Amino acid sequence: MFEFEIIARDPGTRARAGRLFTPHGVVETPAFMPVGTQGTVKGLDPSELSTAGAQMILANTYHLAQRPGAAVIERFGGLHGFMRWDGPILTDSGGFQVWSLALRAPERQLVRIDDDGVTFASHVDGRRWRFTPESATDLQIQLGADVIMALDQCTSAEVDEQYARRAAERTHHWARRCRDRWLERQAQGSRSQALFGIIQGGHYRDLRRWSAETIVALDLPGIAIGGESIGYSKVDTASILDWIGDLLPENRPRYAMGVGDPDGFLVAIERGIDLFDSVLPTRLARHGALLHREGRLRILAAEFQTDERPIDPECRCLACRQFTRAYLHHLFKCRELLGYRLATLHNLTFCLDRVSSIRTALLEGRFEEFRSDVKQQPARPGGRSWQRHVAC
Ligand SMILES: [Zn+2]
(Lines give C-alpha, C1' and ligand atoms only; values in the text may rest on other atoms or scores of the structure.)
Protein backbone atom coordinates (compact mmCIF):
# COMPACT_ATOMS: atom_id res chain seq x y z
CA MET A 1 0.00 0.00 0.00
CA PHE A 2 2.99 2.27 0.43
CA GLU A 3 5.37 2.63 -2.47
CA PHE A 4 7.58 5.28 -3.99
CA GLU A 5 8.68 5.56 -7.59
CA ILE A 6 10.84 8.10 -9.36
CA ILE A 7 9.60 9.16 -12.77
CA ALA A 8 12.00 11.97 -13.75
CA ARG A 9 15.40 13.26 -12.72
CA ASP A 10 17.36 16.40 -13.43
CA PRO A 11 20.78 15.39 -14.77
CA GLY A 12 22.58 18.40 -13.26
CA THR A 13 21.33 18.16 -9.65
CA ARG A 14 19.80 15.62 -7.29
CA ALA A 15 16.27 16.86 -8.13
CA ARG A 16 13.70 14.24 -8.97
CA ALA A 17 9.95 13.93 -9.54
CA GLY A 18 8.13 10.90 -8.21
CA ARG A 19 4.94 9.31 -7.00
CA LEU A 20 4.27 8.31 -3.45
CA PHE A 21 1.50 5.70 -3.16
CA THR A 22 -0.37 5.69 0.17
CA PRO A 23 -3.59 4.04 1.38
CA HIS A 24 -5.37 7.37 0.82
CA GLY A 25 -4.08 8.17 -2.64
CA VAL A 26 -1.04 9.14 -4.63
CA VAL A 27 1.15 12.13 -3.83
CA GLU A 28 2.94 13.57 -6.81
CA THR A 29 6.35 14.67 -5.58
CA PRO A 30 8.00 17.00 -4.92
CA ALA A 31 5.11 18.07 -2.74
CA PHE A 32 4.51 20.73 -0.12
CA MET A 33 2.33 19.63 2.80
CA PRO A 34 0.20 22.34 4.45
CA VAL A 35 0.12 22.03 8.24
CA GLY A 36 -3.12 21.37 10.11
CA THR A 37 -1.79 21.48 13.64
CA GLN A 38 -5.13 20.93 15.38
CA GLY A 39 -6.62 18.75 12.67
CA THR A 40 -7.46 21.78 10.53
CA VAL A 41 -5.43 23.99 8.23
CA LYS A 42 -6.57 27.18 9.91
CA GLY A 43 -9.60 28.71 8.24
CA LEU A 44 -9.94 26.30 5.31
CA ASP A 45 -12.19 23.31 4.78
CA PRO A 46 -11.00 20.16 3.01
CA SER A 47 -12.50 21.09 -0.36
CA GLU A 48 -10.75 24.47 -0.29
CA LEU A 49 -7.49 22.71 0.53
CA SER A 50 -7.94 20.41 -2.45
CA THR A 51 -8.75 23.34 -4.72
CA ALA A 52 -5.59 25.07 -3.53
CA GLY A 53 -3.70 21.98 -4.72
CA ALA A 54 -2.92 20.27 -1.41
CA GLN A 55 -2.31 16.54 -1.84
CA MET A 56 -1.12 15.55 1.60
CA ILE A 57 -1.44 17.42 4.86
CA LEU A 58 0.30 17.27 8.20
CA ALA A 59 -1.23 17.12 11.67
CA ASN A 60 0.43 17.33 15.07
CA THR A 61 0.36 14.46 17.53
CA TYR A 62 1.36 16.68 20.44
CA HIS A 63 -1.71 18.87 20.04
CA LEU A 64 -4.24 16.22 19.02
CA ALA A 65 -3.25 13.79 21.78
CA GLN A 66 -4.19 16.51 24.27
CA ARG A 67 -7.29 17.83 22.48
CA PRO A 68 -9.54 16.04 21.69
CA GLY A 69 -7.44 12.95 22.51
CA ALA A 70 -6.31 10.15 20.21
CA ALA A 71 -9.08 7.82 21.48
CA VAL A 72 -11.78 10.31 20.44
CA ILE A 73 -10.27 10.68 16.98
CA GLU A 74 -9.95 6.92 16.66
CA ARG A 75 -13.68 6.54 17.35
CA PHE A 76 -14.41 8.64 14.29
CA GLY A 77 -12.24 6.47 12.05
CA GLY A 78 -8.99 8.30 12.70
CA LEU A 79 -8.05 11.73 11.42
CA HIS A 80 -9.45 11.03 7.96
CA GLY A 81 -12.94 10.40 9.33
CA PHE A 82 -12.75 13.05 12.03
CA MET A 83 -11.61 15.98 9.90
CA ARG A 84 -13.13 14.64 6.65
CA TRP A 85 -9.93 14.92 4.67
CA ASP A 86 -9.75 11.81 2.52
CA GLY A 87 -6.25 12.39 1.11
CA PRO A 88 -2.96 11.27 2.64
CA ILE A 89 -2.02 12.59 6.09
CA LEU A 90 1.32 12.69 7.89
CA THR A 91 1.56 13.11 11.65
CA ASP A 92 4.68 14.24 13.43
CA SER A 93 5.72 12.47 16.62
CA GLY A 94 5.57 15.43 18.97
CA GLY A 95 9.36 15.73 19.28
CA PHE A 96 9.51 19.14 17.63
CA GLN A 97 6.59 20.56 19.64
CA VAL A 98 8.06 19.39 22.92
CA TRP A 99 11.35 20.99 21.96
CA SER A 100 9.67 24.30 21.11
CA LEU A 101 7.68 24.15 24.36
CA ALA A 102 10.98 23.91 26.23
CA LEU A 103 12.37 26.87 24.27
CA ARG A 104 9.29 29.01 24.82
CA ALA A 105 9.63 29.13 28.58
CA PRO A 106 12.99 27.66 29.66
CA GLU A 107 12.66 29.16 33.14
CA ARG A 108 9.48 27.16 33.80
CA GLN A 109 11.20 23.88 33.03
CA LEU A 110 8.12 22.49 31.29
CA VAL A 111 10.06 19.70 29.59
CA ARG A 112 12.35 16.98 30.90
CA ILE A 113 14.11 14.71 28.44
CA ASP A 114 15.72 11.44 29.48
CA ASP A 115 16.95 8.41 27.59
CA ASP A 116 13.55 6.75 27.76
CA GLY A 117 11.40 9.64 26.51
CA VAL A 118 10.11 13.12 27.32
CA THR A 119 7.97 14.40 30.16
CA PHE A 120 6.25 17.71 29.70
CA ALA A 121 3.57 19.91 31.19
CA SER A 122 0.76 20.61 28.74
CA HIS A 123 0.60 24.17 27.43
CA VAL A 124 -3.22 23.77 27.55
CA ASP A 125 -3.88 22.84 31.17
CA GLY A 126 -0.54 22.11 32.80
CA ARG A 127 -1.26 18.37 32.95
CA ARG A 128 1.85 16.18 32.90
CA TRP A 129 2.40 14.02 29.85
CA ARG A 130 4.94 11.37 29.01
CA PHE A 131 5.91 10.47 25.44
CA THR A 132 8.11 7.45 24.84
CA PRO A 133 9.05 6.06 21.41
CA GLU A 134 6.39 3.38 21.94
CA SER A 135 3.62 5.72 23.09
CA ALA A 136 4.35 8.25 20.31
CA THR A 137 4.07 5.41 17.77
CA ASP A 138 0.86 4.09 19.34
CA LEU A 139 -0.70 7.55 19.42
CA GLN A 140 0.05 8.07 15.73
CA ILE A 141 -1.37 4.66 14.86
CA GLN A 142 -4.53 5.64 16.75
CA LEU A 143 -4.69 8.91 14.82
CA GLY A 144 -4.47 6.81 11.67
CA ALA A 145 -2.16 8.91 9.49
CA ASP A 146 -0.64 7.37 6.36
CA VAL A 147 2.88 8.43 7.34
CA ILE A 148 3.99 8.52 10.97
CA MET A 149 7.24 9.84 12.37
CA ALA A 150 9.73 8.39 14.82
CA LEU A 151 10.16 10.32 18.08
CA ASP A 152 13.26 12.49 17.91
CA GLN A 153 15.16 15.06 19.95
CA CYS A 154 15.56 18.40 18.19
CA THR A 155 18.41 20.73 19.04
CA SER A 156 18.80 24.47 18.57
CA ALA A 157 21.49 26.14 16.50
CA GLU A 158 23.34 27.14 19.66
CA VAL A 159 24.07 23.72 21.15
CA ASP A 160 27.66 22.47 21.28
CA GLU A 161 28.82 19.34 19.51
CA GLN A 162 28.67 17.18 22.60
CA TYR A 163 25.03 18.07 23.19
CA ALA A 164 24.12 17.57 19.53
CA ARG A 165 25.83 14.14 19.60
CA ARG A 166 23.90 13.12 22.69
CA ALA A 167 20.60 14.25 21.11
CA ALA A 168 21.37 12.39 17.87
CA GLU A 169 22.28 9.26 19.84
CA ARG A 170 18.96 9.45 21.66
CA THR A 171 17.14 10.05 18.37
CA HIS A 172 18.75 6.89 16.93
CA HIS A 173 17.92 4.83 19.96
CA TRP A 174 14.32 6.08 19.90
CA ALA A 175 14.04 5.45 16.14
CA ARG A 176 14.97 1.78 16.71
CA ARG A 177 12.34 1.51 19.42
CA CYS A 178 9.74 3.21 17.20
CA ARG A 179 10.58 0.78 14.41
CA ASP A 180 10.21 -2.21 16.74
CA ARG A 181 6.86 -0.96 18.01
CA TRP A 182 5.64 -0.19 14.49
CA LEU A 183 6.61 -3.68 13.28
CA GLU A 184 4.94 -5.24 16.31
CA ARG A 185 1.73 -3.31 15.66
CA GLN A 186 1.79 -4.24 12.00
CA ALA A 187 2.17 -7.88 12.92
CA GLN A 188 -0.92 -7.46 15.09
CA GLY A 189 -2.83 -6.16 12.06
CA SER A 190 -2.79 -2.37 12.57
CA ARG A 191 -3.67 -0.33 9.49
CA SER A 192 -0.94 0.03 6.95
CA GLN A 193 1.17 3.02 7.85
CA ALA A 194 4.65 4.02 6.84
CA LEU A 195 7.16 5.01 9.52
CA PHE A 196 9.81 7.61 8.68
CA GLY A 197 13.02 7.96 10.70
CA ILE A 198 14.51 11.41 11.36
CA ILE A 199 18.12 12.43 10.83
CA GLN A 200 19.44 14.86 13.45
CA GLY A 201 22.95 16.08 14.27
CA GLY A 202 22.57 19.86 14.42
CA HIS A 203 25.08 21.97 12.52
CA TYR A 204 27.83 19.38 12.65
CA ARG A 205 28.77 17.68 9.42
CA ASP A 206 30.16 14.49 10.95
CA LEU A 207 27.16 14.11 13.22
CA ARG A 208 24.75 14.65 10.34
CA ARG A 209 26.51 12.01 8.25
CA TRP A 210 26.62 9.58 11.16
CA SER A 211 22.94 10.21 11.84
CA ALA A 212 22.07 9.74 8.15
CA GLU A 213 23.95 6.41 8.02
CA THR A 214 22.29 5.22 11.22
CA ILE A 215 18.75 6.16 10.20
CA VAL A 216 19.17 4.82 6.65
CA ALA A 217 20.38 1.49 8.08
CA LEU A 218 17.02 1.05 9.81
CA ASP A 219 15.54 0.49 6.34
CA LEU A 220 12.33 2.41 7.03
CA PRO A 221 9.88 3.40 4.25
CA GLY A 222 11.03 7.02 4.32
CA ILE A 223 13.75 9.32 5.63
CA ALA A 224 13.25 12.74 7.17
CA ILE A 225 15.78 15.43 7.92
CA GLY A 226 14.95 17.37 11.06
CA GLY A 227 16.45 19.90 13.40
CA GLU A 228 16.00 23.54 14.14
CA SER A 229 18.14 24.66 11.24
CA ILE A 230 16.10 22.83 8.63
CA GLY A 231 13.74 25.43 7.35
CA TYR A 232 14.94 28.32 9.49
CA SER A 233 17.88 29.37 7.35
CA LYS A 234 18.25 28.55 3.69
CA VAL A 235 22.04 28.48 3.94
CA ASP A 236 22.01 25.99 6.81
CA THR A 237 19.36 23.88 5.15
CA ALA A 238 21.39 23.76 1.94
CA SER A 239 24.62 22.80 3.76
CA ILE A 240 22.98 20.06 5.79
CA LEU A 241 21.28 18.58 2.74
CA ASP A 242 24.57 18.74 0.82
CA TRP A 243 26.44 16.93 3.62
CA ILE A 244 24.13 13.94 3.59
CA GLY A 245 22.90 13.87 -0.02
CA ASP A 246 25.11 10.97 -1.09
CA LEU A 247 24.01 8.82 1.85
CA LEU A 248 20.27 8.86 1.21
CA PRO A 249 18.83 5.86 -0.65
CA GLU A 250 17.40 6.73 -4.06
CA ASN A 251 14.32 4.59 -3.68
CA ARG A 252 12.96 6.14 -0.49
CA PRO A 253 10.99 9.39 -0.18
CA ARG A 254 12.95 12.16 1.55
CA TYR A 255 11.25 14.71 3.71
CA ALA A 256 12.84 18.00 4.82
CA MET A 257 10.93 19.05 7.91
CA GLY A 258 10.01 22.71 8.20
CA VAL A 259 10.89 23.93 4.70
CA GLY A 260 8.11 26.24 3.60
CA ASP A 261 9.23 29.40 1.85
CA PRO A 262 9.15 29.66 -1.93
CA ASP A 263 12.94 29.93 -2.32
CA GLY A 264 13.46 27.13 0.17
CA PHE A 265 11.46 24.76 -2.02
CA LEU A 266 14.02 25.09 -4.77
CA VAL A 267 16.93 24.74 -2.35
CA ALA A 268 15.46 21.48 -1.06
CA ILE A 269 14.28 20.07 -4.37
CA GLU A 270 17.61 20.57 -6.12
CA ARG A 271 19.15 18.58 -3.26
CA GLY A 272 16.85 15.63 -3.85
CA ILE A 273 14.04 16.33 -1.38
CA ASP A 274 10.55 15.02 -2.19
CA LEU A 275 8.40 16.29 0.68
CA PHE A 276 8.37 19.35 2.91
CA ASP A 277 6.01 21.12 5.27
CA SER A 278 5.83 24.37 7.16
CA VAL A 279 3.40 26.59 9.01
CA LEU A 280 5.09 29.55 7.31
CA PRO A 281 2.59 30.28 4.48
CA THR A 282 -0.46 30.04 6.74
CA ARG A 283 1.16 31.91 9.62
CA LEU A 284 2.33 34.68 7.32
CA ALA A 285 -1.19 34.92 5.91
CA ARG A 286 -2.69 35.50 9.33
CA HIS A 287 -0.22 38.32 9.84
CA GLY A 288 -1.14 39.97 6.55
CA ALA A 289 2.06 38.98 4.73
CA LEU A 290 1.00 37.82 1.27
CA LEU A 291 3.37 35.86 -0.93
CA HIS A 292 4.19 37.29 -4.32
CA ARG A 293 6.79 36.18 -6.81
CA GLU A 294 8.70 39.42 -6.22
CA GLY A 295 8.52 39.14 -2.43
CA ARG A 296 5.91 39.48 0.24
CA LEU A 297 3.22 42.17 0.32
CA ARG A 298 2.47 43.54 3.76
CA ILE A 299 -1.15 44.13 3.03
CA LEU A 300 -1.66 46.55 5.94
CA ALA A 301 0.81 48.99 4.41
CA ALA A 302 -0.72 52.31 3.34
CA GLU A 303 0.36 51.75 -0.28
CA PHE A 304 -2.40 49.12 -0.68
CA GLN A 305 -5.26 51.21 0.67
CA THR A 306 -6.52 52.13 -2.81
CA ASP A 307 -4.69 49.49 -4.87
CA GLU A 308 -7.14 48.13 -7.43
CA ARG A 309 -4.97 45.17 -8.48
CA PRO A 310 -5.33 41.60 -7.22
CA ILE A 311 -2.63 40.30 -4.89
CA ASP A 312 -1.05 38.53 -7.86
CA PRO A 313 -2.67 38.76 -11.32
CA GLU A 314 -1.21 35.37 -12.28
CA CYS A 315 -2.58 33.53 -9.24
CA ARG A 316 -5.65 31.32 -9.71
CA CYS A 317 -6.91 31.53 -6.10
CA LEU A 318 -10.27 32.99 -5.10
CA ALA A 319 -8.63 35.97 -3.37
CA CYS A 320 -6.79 36.94 -6.56
CA ARG A 321 -9.64 36.19 -8.97
CA GLN A 322 -12.30 38.18 -7.12
CA PHE A 323 -10.81 40.77 -4.82
CA THR A 324 -8.49 43.76 -4.85
CA ARG A 325 -5.53 44.51 -2.65
CA ALA A 326 -7.52 47.48 -1.33
CA TYR A 327 -10.30 45.16 -0.15
CA LEU A 328 -7.81 42.79 1.51
CA HIS A 329 -6.17 45.83 3.15
CA HIS A 330 -9.57 46.90 4.48
CA LEU A 331 -10.39 43.40 5.80
CA PHE A 332 -7.11 43.21 7.66
CA LYS A 333 -7.52 46.73 9.05
CA CYS A 334 -10.90 45.68 10.46
CA ARG A 335 -9.62 42.24 11.49
CA GLU A 336 -12.37 40.58 9.51
CA LEU A 337 -12.24 36.76 9.37
CA LEU A 338 -12.61 36.75 5.60
CA GLY A 339 -9.30 38.59 5.32
CA TYR A 340 -7.42 35.81 7.14
CA ARG A 341 -9.17 33.14 5.09
CA LEU A 342 -8.46 34.78 1.74
CA ALA A 343 -4.85 35.44 2.69
CA THR A 344 -4.43 31.80 3.76
CA LEU A 345 -5.99 30.56 0.52
CA HIS A 346 -3.67 32.76 -1.47
CA ASN A 347 -0.45 31.89 0.35
CA LEU A 348 -1.15 28.16 0.17
CA THR A 349 -2.14 28.28 -3.49
CA PHE A 350 1.01 30.28 -4.22
CA CYS A 351 3.24 27.71 -2.50
CA LEU A 352 1.47 24.66 -3.90
CA ASP A 353 1.54 26.09 -7.42
CA ARG A 354 5.21 26.95 -7.08
CA VAL A 355 6.07 23.34 -6.17
CA SER A 356 3.78 22.01 -8.87
CA SER A 357 5.50 24.16 -11.51
CA ILE A 358 8.90 22.87 -10.33
CA ARG A 359 7.57 19.32 -10.75
CA THR A 360 6.33 20.11 -14.24
CA ALA A 361 9.73 21.59 -15.12
CA LEU A 362 11.37 18.35 -13.92
CA LEU A 363 8.99 16.21 -15.95
CA GLU A 364 9.58 18.33 -19.04
CA GLY A 365 13.35 18.34 -18.63
CA ARG A 366 13.65 22.11 -18.10
CA PHE A 367 14.51 22.31 -14.42
CA GLU A 368 17.74 24.21 -15.09
CA GLU A 369 15.85 26.81 -17.10
CA PHE A 370 13.29 27.15 -14.29
CA ARG A 371 16.04 27.75 -11.73
CA SER A 372 17.69 30.48 -13.74
CA ASP A 373 14.33 32.16 -14.42
CA VAL A 374 13.62 32.28 -10.69
CA LYS A 375 17.03 33.79 -9.98
CA GLN A 376 16.42 36.53 -12.54
CA GLN A 377 13.00 37.53 -11.24
CA PRO A 378 12.80 41.13 -10.01
CA ALA A 379 12.42 41.66 -6.28
CA ARG A 380 10.37 44.13 -4.33
CA PRO A 381 12.24 46.59 -2.10
CA GLY A 382 13.59 44.54 0.77
CA GLY A 383 14.20 41.52 -1.43
CA ARG A 384 12.41 38.24 -1.76
CA SER A 385 12.74 37.48 1.91
CA TRP A 386 9.87 35.63 3.52
CA GLN A 387 11.84 34.37 6.45
CA ARG A 388 11.86 37.54 8.49
CA HIS A 389 8.21 36.98 9.24
CA VAL A 390 8.70 33.49 10.62
CA ALA A 391 8.72 34.60 14.23
CA CYS A 392 5.80 37.00 14.02
ZN1 LIG B 1 -3.89 34.22 -5.04
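Here the focus is the sheet that holds strand β2 (residues 16-22). Taking strand neighbours across the sheet as the criterion, the 3 strands line up as β1-β2-β3 in an open arrangement whose pairing is antiparallel. On the outer flanks of this sheet lie β1 (3-9) and β3 (25-29), each paired with one strand and no other. Direction aside, neighbouring strands of the sheet carry axes that sit 15° apart on average. One ladder, built from 6 bridges, connects β1 with β2; its direction is antiparallel. Along β2, the bridge assignment pairs A8 with A17. The strands that helix α14 (residues 337-363) touches are β1, β2 and β3; relative to β2, the one it contacts most, it runs at about 115°.

Turning our eyes to something else, we now look at the pattern of salt bridges. One side chain can pair with another of opposite charge once the charged atoms of both are near each other. Tallying each qualifying case throughout the model produces 33 salt bridges. Across the pair R165 and E161 runs a salt bridge whose closest N-O atoms are separated by 3.9 Å. In this pair, R165 and E161 are both assigned in helix α7 (residues 161-187), 4 residues apart and thus about one turn of the helix distant. In this structure R165 comes out as partly exposed when scored by relative accessible area, which is 37%.

Spatially, 3 strands are ordered β7-β8-β9 in an open sheet, and the strand pairing comes out antiparallel. With partners counted over all chains shown, the strands left at the sheet margins are β7 (111-114) and β9 (128-131), one partner each. Averaged over all pairs of adjacent strands, the angle between strand axes in this sheet comes to 15°, irrespective of strand direction. Sheet topology places strand β8 (residues 117-121) next to β9; 4 bridges connect them, and they run antiparallel. Looking at the pairing, A121 lines up with R128 of β9. Packed onto the sheet, α7 meets β7 and β8 and runs at close to 75° relative to β7.

We now examine the coordination of the zinc ion. In the first shell of the zinc ion, the protein supplies C315 (SG), C317 (SG), C320 (SG) and H346 (ND1), at 2.1 to 2.3 Å from the metal. Between the donor residues of the zinc ion, the gaps in sequence give the motif C-x1-C-x2-C-x25-H. Taken as a pair, C317 in the loop between β16 (297-298) and α12 (318-322) and H346 in helix α14 lie far apart in primary sequence, 29 residues in all. Comparing C317 with H346, the two get one shared label, buried.

Moving on, we get to α14. With 27 residues, α14 should reach 39 Å at 1.5 Å per residue; the first-to-last C-alpha distance of 39 Å fits that figure. After α14 finishes, the residue G365 shows a positive phi value of roughly 70°.

Looking now at the confidence of the model for the protein. Mean pLDDT over the protein: 92, with 95% of residues reaching 70 or higher. Across residues 386-392, where pLDDT falls below 50, the model places 25 contacts with residues more than four positions away in sequence or in other chains.

All right, on to the packing of aromatic side chains then. Inspection of every chain in the model, using the stated rule, returns 10 aromatic pairs. For the ring pair F265 and F276, a centre distance of 5.1 Å and an interplane angle of 20° mean the geometry is stacked. Within this pair, whereas F265 is found in helix α10 (residues 262-269), its partner F276 is found in strand β14 (residues 275-278), the two being separated by 11 residues in sequence. F276 gets classed as buried once you look at its relative accessible area, which sits at 0%. Through a chain of ring-to-ring contacts, the aromatic side chains of Y62, F120, W129 and F131 assemble into a single cluster.

On to the packing of helix α13 (residues 325-333) against α14, then. Where α13 contacts α14, the axes come no closer than 7 Å and their chain directions differ by 130°. Compared by their axis directions, α13 and α14 come out oblique. Seen along the crossing, α13 lies across α14 with a hand that is left-handed. Contacts between α13 and α14 involve Y327, L328, L331 and F332 from the first element and L338, G339, Y340, L342 and A343 from the second. Residue composition of the contact of α13 with α14, grouped by class: 8 nonpolar, 1 polar and no charged.

Rules and cut-offs
- Each residue is numbered by its place in its chain's sequence as written, counting from 1.
- Under the rules for a predicted model, residues below a pLDDT of 70 receive no local features and side-chain atom pairs below 80 are neither given nor counted, while totals for whole chains, interfaces and linings still include all residues.
- With hydrogens and water excluded, all non-hydrogen atoms of the structure serve as input to the side-chain values.
- We treat two strands as partners when DSSP finds at least two bridges between them.
- Counting from the N terminus, the helices are DSSP H or I runs at least four residues long and the strands are E runs at least two residues long.
- Angular values range over 0 to 180 degrees, each being the angle between N-to-C directions of two axes fitted as lines to C-alpha atoms, with helices fitted over their stretch in contact.
- Residues are treated as being in contact if the distance between any of their heavy atoms lies within 4.5 Å.
- Just to be clear on terms, a salt bridge is a Lys or Arg side-chain nitrogen sitting within 4 Å of an Asp or Glu carboxyl oxygen.
- A 1.4 Å probe rolled over the protein chains alone gives each residue an accessible area, and that area as a share of the maximum for its type sets the label: buried under 20%, exposed over 50%, partly exposed in between.
- Coordinating donors are taken as N, O and S atoms within 2.8 Å of the metal, stretched to 3.2 Å for Na, K and Ca; because water is absent from the atoms, sites can appear incomplete.
- In a helix, the anticipated span is given by 1.5 Å times the number of residues less one.
- Confidence scores labelled pLDDT are given residue by residue by the predictor and lie between 0 and 100.
- Here is the rule: rings of Phe, Tyr and Trp (six-membered ring for Trp) pair when centre to centre is within 6.5 Å. Planes less than 30 degrees apart are stacked, more than 60 are edge-to-face, and the remainder are tilted.
- Each angle gets one of four labels, with under 35 degrees taken as roughly parallel, over 145 as roughly antiparallel, 65 to 115 as roughly perpendicular, and the rest as oblique.
- Two helices cross in a left-handed way if the nearer one is turned anticlockwise from the farther one by less than a right angle. They cross in a right-handed way if the turn is clockwise.
- The residue classification treats Ala, Val, Leu, Ile, Met, Phe, Trp, Tyr, Cys and Pro as nonpolar and Asp, Glu, Lys and Arg as charged. All others, Gly included, are polar.

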